[in-house]
Amino acid sequence: MLPDFRVRQRDFLLEISRAMTAQLDLEEVLRLVLKASIIMLGGEVGLVALRASNDRYAIRATIGVDAERVPDLNTRLDELVSNAGQSIDRDFLNVKLKQMAVSLNRKLRQSLFLPLLIAGEPVGLLIIFRSQTLETTENEFQILQSFADQAAIAVHNAQLYARIDQERQRLAALVEYSADGVMFLDSNLRILGFNRALERMTGWSVQDALGQDQDTVISWKKLEKNDLRAALDDGWPWRLPSDAPAETLYVEGDLLRRDGLTLSIGITYAPLLGEDQKLVNIIANVRDITHFRRAQEMQNVFISTISHELKTPVALIKGYAGTLRRDDAEWDPQVIRDGLAVIEDESDRLTGLIENLLAASKLRAERMRLDISDVWLDKLAAQVVERFQTQTQKHTLQLDFPSDFPFVQGDEIRLRQVLDNLVSNALKYSPEGGIITVGGEVDDKSVTIFVHDSGVGISETDQEHIFDRFFRVDGTLSRKTQGTGLGLYLAKAIIEAHGGTIRVQSKPGTGSTFYFTVPL
Ligand code: ADP
């Protein structure tokens, strides 16, 4: 040992102790430990390895070692540690350390190996090499070990801090990138934290929102459920029974954004209580409920449309049945036939409607199944056109197919349903009458069928939605016309099940053309 070893040892022990308390950056702690050890032991080369898993160590800091030597040293370290087992055999250790020293520098003669232990558990190890050979007494070894223990604590603290810091960063990222808005408030409702999603929802930037009163940022145009201020006045957070966790508060309404637009949101306020059970912080989770509201609205519209659609045929059936069975009337056979024909037609309409509803609800759960055979779409179109022509005098229906139009593989009943729907829509949405053309085109891969009308047309915004379930264009004509908003949704599902596509081209006031393509 060097003559002034004890003095330096004391100084460095002190330095490491200071590092332990002052420095929480792991890299810095390791560097300090290594530097102190090298000076204290008169070494030239040193390394610190930390335990990475059960019996693996990874070098985390070095002095006097080229970076490219580290992988090789790691392998040697692995051999040393895995063969050493729990009780380290000094002779074996010495051989391995000597090999390690030689591999680094021929001049290195002596190696000192110190495990870093916390409560007997290894957290790392420290190896110092030196070129001079010095005797180490048992007493000096003990002092060295106590130095290593101090270093181990410093390393362990820094590791714990790094882990906590990583956890903190993970949590911060979770909040920052959460799709829901997240906000932290103090007990006076001042905003302490505000994430990106909330920037988008409120139109307030983080910088502007921080430090504001939450009522400035969350300004309600219409409050529909609960009120944070009122709840606080009422003693929220409530705890019933008194040892239960404090209750969250749900507030819902239309938010007035900073740019003047409105957004439907729901906020869940969760209280954080201090030791004295007083409110310290509030965590607010903000959710955009526009979709939910729209779905609710659609459901309401759907229920009223369906009820209306069901009521009309039922009223007709009941009316005719009641009239025909009157005891006080003697009906002409033709009147009876006409009445029964109405009852039959209306029953068919009811059946069709119910089938569509069932098909639409089934489509949510599974893909549509097809019953495939050869289908001549030009012939199918001719039948559909002929049938619809008998129902209208205002419209002229015509066909436009090239001769020898090819057949496709498809489900005839389903494809007829698509044609029925497109032609029926063409009639319904051209109240002034006009020409309706059903035609077809062929290329080498597929056939395309089109249905053209010169009716009311569809705006570009509505075109994006007409194939959605239950969607109907909001307008006087739609309100007057029977329909459920299921026809095009089902048509699209049928065509897609055939591996085809469906689209529309339309201009309001001019008319619409629907195209669908089915592969050959
Ligand atoms: P509906 O039962 O309401 O007719 P569809 O799914 O068949 O339902 O059509 C959805 C909506 O698309 C209709 O309500 C209508 O507003 C619009 N639409 C469909 N076809 C046409 C067309 N040929 N011309 C104008 N609007 C149409």
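The structure we're discussing is the one just above.
All of these numbers come straight from a predicted model, not from anything done at the bench.

The rules behind each value
Residues numbered from 1 in each chain as written. Predicted model: local features only at pLDDT ≥ 70, side-chain atom pairs only at ≥ 80, totals over all residues. Heavy atoms only, no water. Pairing = 2+ DSSP bridges. Helix = DSSP H or I, 4+ residues; strand = E, 2+ residues; numbered from the N terminus. Axes fitted to C-alpha atoms, helices over the stretch in contact; angles between N-to-C directions. Parallel < 35°, antiparallel > 145°, perpendicular 65-115°, else oblique. Left-handed = near helix turned anticlockwise from the far one by under 90°. Contact = heavy atoms within 4.5 Å. Nonpolar A, V, L, I, M, F, W, Y, C, P; charged D, E, K, R; others polar. Near = heavy atom within 4 Å. Polar contact = N/O pair within 3.5 Å; in protein donor to acceptor, adjacent residues only side chain to side chain. Salt bridge = Lys/Arg side-chain N within 4 Å of Asp/Glu carboxyl O. Buried < 20%, exposed > 50% of the residue type's maximum accessible area, 1.4 Å probe, protein only.

Our focus in this paragraph is the sheet that holds strand β15 (residues 446–453). Spatial strand order, β12-β14-β15-β17-β16: five strands in an open sheet with mixed pairing. Lying at the two open borders of the sheet, with one neighbouring strand each, are β12 (395–400) and β16 (501–507). In this sheet, adjacent strand axes meet at a mean angle of 15° when their direction is disregarded. As paired strands, β16 and strand β17 (residues 511–519) are joined by seven bridges and run antiparallel to one another.

Turning our attention to the packing of helix α10 (residues 290–324) against helix α11 (residues 333–365). Two numbers describe how α10 lies on α11: the axes approach to 9 Å, and their chain directions differ by 155°. By the angle between their axes, α10 is roughly antiparallel relative to α11. Considering only the axes of α10 and α11, their crossing is left-handed. Counted together, F302, I306, E309, L310, T312, P313, V314, L316, I317, Y320, A321 and L324 of α10 and V335, I336, G339, L340, V342, I343, E346, S347, R349, L350, L353 and L357 of α11 form the full contact between these two elements. Considered class by class, the residues forming the contact of α10 with α11 number 18 nonpolar, three polar and three charged.

Before going further, it helps to examine the site of the ligand. Contacts to the ligand come from 21 residues, most closely from N425, Y429, R472, T484 and L488. Interatomic distance of 3.1 Å between a backbone N/O atom of G485 and an oxygen atom of the ligand. Within the contact set of the ligand, an oxygen atom lies 3.3 Å away from a backbone nitrogen or oxygen of G487. Per element, the largest residue contribution to the shell around the ligand is three residues, and it comes from helix α13 (residues 412–428). In the shell around the ligand, the residues fall into nine nonpolar, nine polar and three charged.

Here we come to the pattern of salt bridges. Per the counting criterion, the structure on display carries 25 salt bridges. A salt bridge links E27 to R60, with the nearest nitrogen and oxygen atoms 3.2 Å apart. Taken together, the positions of E27 in helix α2 (residues 26–41) and R60 in strand β2 (residues 56–63) put the pair 33 residues apart, joining distant regions of the chain. On the accessibility criterion, E27 (42% relative accessible area) is partly exposed. What makes R60 partly exposed here is its relative accessible area of 37%. For R51, the salt bridge identified is with E121, shortest N-O distance 3.4 Å. In this pair, R51 sits in strand β1 (residues 45–53) while E121 sits in strand β4 (residues 121–130), placing the two residues 70 residues apart along the sequence. The exposure class of E121 is partly exposed, given its relative accessible area of 44%. Within the structure, one salt-bridge network assembled from shared partners comprises K222, E224, K225, E252, D254 and R293.

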